[in-house]
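For reference, the chains in residue letters:
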Amino acid sequence: MPRPEVFDRADVIQKVQAVFWDKGYNGTSMQDLVDATGLNRSSIYNSFGSKHELFMLSLQEYQDQNMKHIDKMVVELLSPIDVLKQLFKGAAQGACDSENKGCMLVNCATELANQESSVQHWLAGSNAKMHAKFKELLDAAKDAGQITKQSDSELLAHYLLMSLQGLRVNGMTNQDPQLLNQLVGQIFKNIN
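Please read these numbers as outputs of a predicted model, since none were measured by experiment.

Q: Quick question: what am I supposed to make of helix α7 (residues 117-143) here?
A: A rise of 1.5 Å per residue sets the reference length of α7, with its 27 residues, at 39 Å; its end C-alpha atoms lie 39 Å apart and thus fit the reference within 8%. Its buried side turned inward, α7 meets α4 (51-77), α5 (80-95), α6 (104-112) and α8 (153-170). Remark: Gly145 follows α7 within two positions and exhibits a positive phi of approximately 75°.

This is the structure we're talking about:
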């Protein structure tokens, strides 16, 4: 009979998420995960399967956190276009943070999407969820008269997703807040 887990799974996933986010998948060793969690290797393997499975759980947690953040902004800001603008402004501001590690999902895409088909498939699903959220906000912005009714929400949602990912990648090497904010402004000029 397997022994019951005597640790908090959510806490372990948060700890390994921080390691993967900091070092990337390939740069993270099992010893790094042991050190971060305080668990021994057999406990990690028995409870989570493998390094890859633990990585995928940490990606899922990261995505869930991002979606909760957007949903919270929807409730707090009420204006769909303001939610989108705040999301982009937050990405630009985060790029200028001295401890900027980039977006974990974008980092994962640049590190693994062309090497691991399971990761590529998961990221495609993640992008589809973000696209759907952007489309929902754009449709609400059309209903509120914030963008023209003739706007193609489907296409604009793809444009915003691509722009956000590009902003995050660019922000890893270009940390000029004025330029990044100008780019955010230009992105939103393009969606009217």
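Q: Quick question: what am I supposed to make of the pattern of salt bridges here?
A: Proximity of charged atoms lets side chains of opposite charge pair with each other. Taken as a whole, this structure holds 6 salt bridges when the rule is applied. As a salt-bridge pair, Lys72 and Glu76 come within 3.8 Å of each other at their nearest N and O atoms. Pair noted here: Lys72 and Glu76 are both in helix α4, with a separation of 4 residues, about one helical turn. For Glu76, a relative accessible area of 53% corresponds to the exposed category. In this structure, Lys149 and Asp143 form a salt bridge, with 3.7 Å as the shortest nitrogen-oxygen distance. The exposure class of Asp143 is exposed, given its relative accessible area of 64%.

Q: What's the story with the packing of α5 against helix α9 (residues 177-189) in this structure? I'm lost.
A: Between two packed helices, both the angle of their axes relative to each other and the distance between the axes serve to describe the pair. With their axes 9 Å apart at the nearest point, α5 and α9 run at an angle of 155° to one another. In this view, α5 runs roughly antiparallel relative to α9, as classed from their interaxial angle. The hand of the α5/α9 crossing is right-handed. Residues Ile81, Leu84, Lys85, Phe88, Lys89, Ala92 and Ala95 of α5 pack against Leu180, Asn181, Val184, Ile187 and Phe188 of α9. Residue classes in the contact of α5 with α9 are distributed as 9 nonpolar, 1 polar and 2 charged.

Q: Looking at this structure, I do not really get the packing of aromatic side chains. What am I missing?
A: Two descriptors summarise a pair of aromatic rings, namely the distance from one centre to the other and the angle between the planes of the rings. In the structure shown here, the tally under the stated rule is 6 aromatic pairs. Summarising the aromatic geometry, the rings of Trp21 and Tyr62 are spaced 5.0 Å apart at their centres and angled 75° between planes, so their arrangement reads as edge-to-face. Highlighted residues: Trp21 in helix α1 (residues 9-23) and Tyr62 in helix α4, separated in sequence by 41 residues. Residue Tyr62 is classed as buried on the basis of its relative accessible area, which comes to 7%. Summarising the aromatic geometry, the rings of Phe88 and Phe188 are spaced 5.2 Å apart at their centres and angled 90° between planes, so their arrangement reads as edge-to-face. Of this pair, Phe88 sits in helix α5 while Phe188 sits in helix α9, and the two are 100 residues apart along the sequence.

Q: Looking at this structure, I do not really get the side chain of Ser58. What am I missing?
A: Counting through the fold element by element, Ser58 comes out in helix α4. Taking the relative accessible area as the measure of exposure, Ser58 reaches 0% and is therefore buried. Among the polar contacts listed, one links the side chain of Ser58 to the backbone oxygen of Phe55, at a separation of 2.7 Å. In contact with Ser58, other than residues within four places in its own chain, are Ile13, Val16, Gln17, Phe20 and Met104.

Q: Explanation requested: the environment of Gln120 in the structure shown.
A: Among the secondary structure elements, Gln120 is positioned in helix α7. Separated by 35 residues in the primary sequence, Gln120 and Lys85 place their C-alpha atoms 28 Å from one another.

Q: Teacher, can you tell me more about the nonpolar core here?
A: Considering soluble globular proteins, one finds that nonpolar side chains tend to be buried as a cluster. In terms of nonpolar packing, the biggest core is built from 28 residues, with Phe88, Phe134, Leu160 and Phe188 touching the most fellow members. Mapped onto this core, the elements with two or more residues apiece are α4, α5, α7, α8 and α9. The biggest single contributor to this core is α5, with 8 residues. The residues contacting Phe88, other than those within four sequence positions of it, are Phe134, Leu160, Ser163, Leu164, Leu167, Val184, Ile187 and Phe188.

Q: So what exactly am I meant to see when it comes to the confidence of the model for the protein chain here?
A: Caution applies to low-pLDDT regions: their predicted coordinates should not be interpreted in detail. Looking at the protein chain, pLDDT values average 92 and 97% of them are 70 or higher. In the model of the protein chain, helix α3 (residues 41-48) stands out as the element of lowest mean pLDDT, 90, in contrast to α7, which has the highest, 96.

Reading the values: the criteria
- Residues numbered from 1 in each chain as written.
- Predicted model: local features only at pLDDT ≥ 70, side-chain atom pairs only at ≥ 80, totals over all residues.
- Heavy atoms only, no water.
- Helix = DSSP H or I, 4+ residues; strand = E, 2+ residues; numbered from the N terminus.
- Expected span 1.5 Å × (residues − 1).
- Contact = heavy atoms within 4.5 Å.
- Salt bridge = Lys/Arg side-chain N within 4 Å of Asp/Glu carboxyl O.
- Buried < 20%, exposed > 50% of the residue type's maximum accessible area, 1.4 Å probe, protein only.
- Axes fitted to C-alpha atoms, helices over the stretch in contact; angles between N-to-C directions.
- Parallel < 35°, antiparallel > 145°, perpendicular 65-115°, else oblique.
- Left-handed = near helix turned anticlockwise from the far one by under 90°.
- Nonpolar A, V, L, I, M, F, W, Y, C, P; charged D, E, K, R; others polar.
- Phe/Tyr/Trp six-rings, centres within 6.5 Å; stacked < 30°, edge-to-face > 60°.
- Polar contact = N/O pair within 3.5 Å; in protein donor to acceptor, adjacent residues only side chain to side chain.
- Core = buried A, V, L, I, M, F, W, Y, C linked by side-chain atoms within 4.5 Å.
- pLDDT = per-residue confidence, 0-100.

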